[in-house]
Amino acid sequence: MEWSNELIFEFIGLYEKYPILWNPKHQGHRNTIDDAWLNIAREISTDVTVELLRKIPHGHMQKFVKKS
């Protein structure tokens, strides 16, 4: 699947809504993480599976994320 810049920005916005996915200090359960990925797959504007979303390389997103 080819990811356009627009789709990557959309994914990053959705990803940020679920700190359990990216914040190692977040207190959560495994099923909560799975629910977060499922919600992103449902909310994104393209037909994509959770498995595909989980495989997006962090480096692919990093070029769009401002480093502090």
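Refer to the structure above for everything that follows.
For clarity, every value in this text was computed on a predicted model and none was experimentally measured. (Residues numbered from 1 in each chain as written. Predicted model: local features only at pLDDT ≥ 70, side-chain atom pairs only at ≥ 80, totals over all residues. Heavy atoms only, no water.)

Participant: Can you break down the nonpolar core residue by residue, with the values?
Facilitator: For soluble globular proteins, nonpolar side chains are generally found buried alongside one another. In terms of nonpolar packing, the biggest core is built from 20 residues, with Trp3, Phe11, Leu21, Trp37, Ile40, Ile44 and Leu53 touching the most fellow members. Elements represented by at least two residues in this core include exactly helix H1 (5-16), helix H2 (30-43) and helix H3 (50-54). The element contributing the most residues to this core is H1, with six residues. The residues touching isoleucine 44, leaving out its near neighbours within four places in the chain, are Trp3, Leu7, Glu10, Phe11 and Leu14. (Core = buried A, V, L, I, M, F, W, Y, C linked by side-chain atoms within 4.5 Å. Buried < 20%, exposed > 50% of the residue type's maximum accessible area, 1.4 Å probe, protein only. Helix = DSSP H or I, 4+ residues; strand = E, 2+ residues; numbered from the N terminus. Contact = heavy atoms within 4.5 Å.)

Participant: Any chance you could break down the pattern of salt bridges for me, citing the residues and the numbers?
Facilitator: The final tally for this structure, using the stated rule, is two salt bridges. Its salt-bridge partner being lysine 17, residue glutamate 43 comes within 2.7 Å of it at the nearest N-O pair. Here the residue glutamate 43 occupies a position in helix H2, and lysine 17 occupies one in the loop between H1 and H2, the gap between them amounting to 26 residues. According to the relative accessible area criterion, glutamate 43 is partly exposed, its value standing at 34%. Here lysine 17 falls in the partly exposed class, since its relative accessible area comes to 48%. For aspartate 34, the salt bridge is made with arginine 54, and the minimal N-O distance between the two is 2.7 Å. One end of the pair, aspartate 34, is in helix H2; the other, arginine 54, is in helix H3, and 20 residues separate them in sequence. For aspartate 34, a relative accessible area of 34% translates into the label partly exposed. (Salt bridge = Lys/Arg side-chain N within 4 Å of Asp/Glu carboxyl O.)

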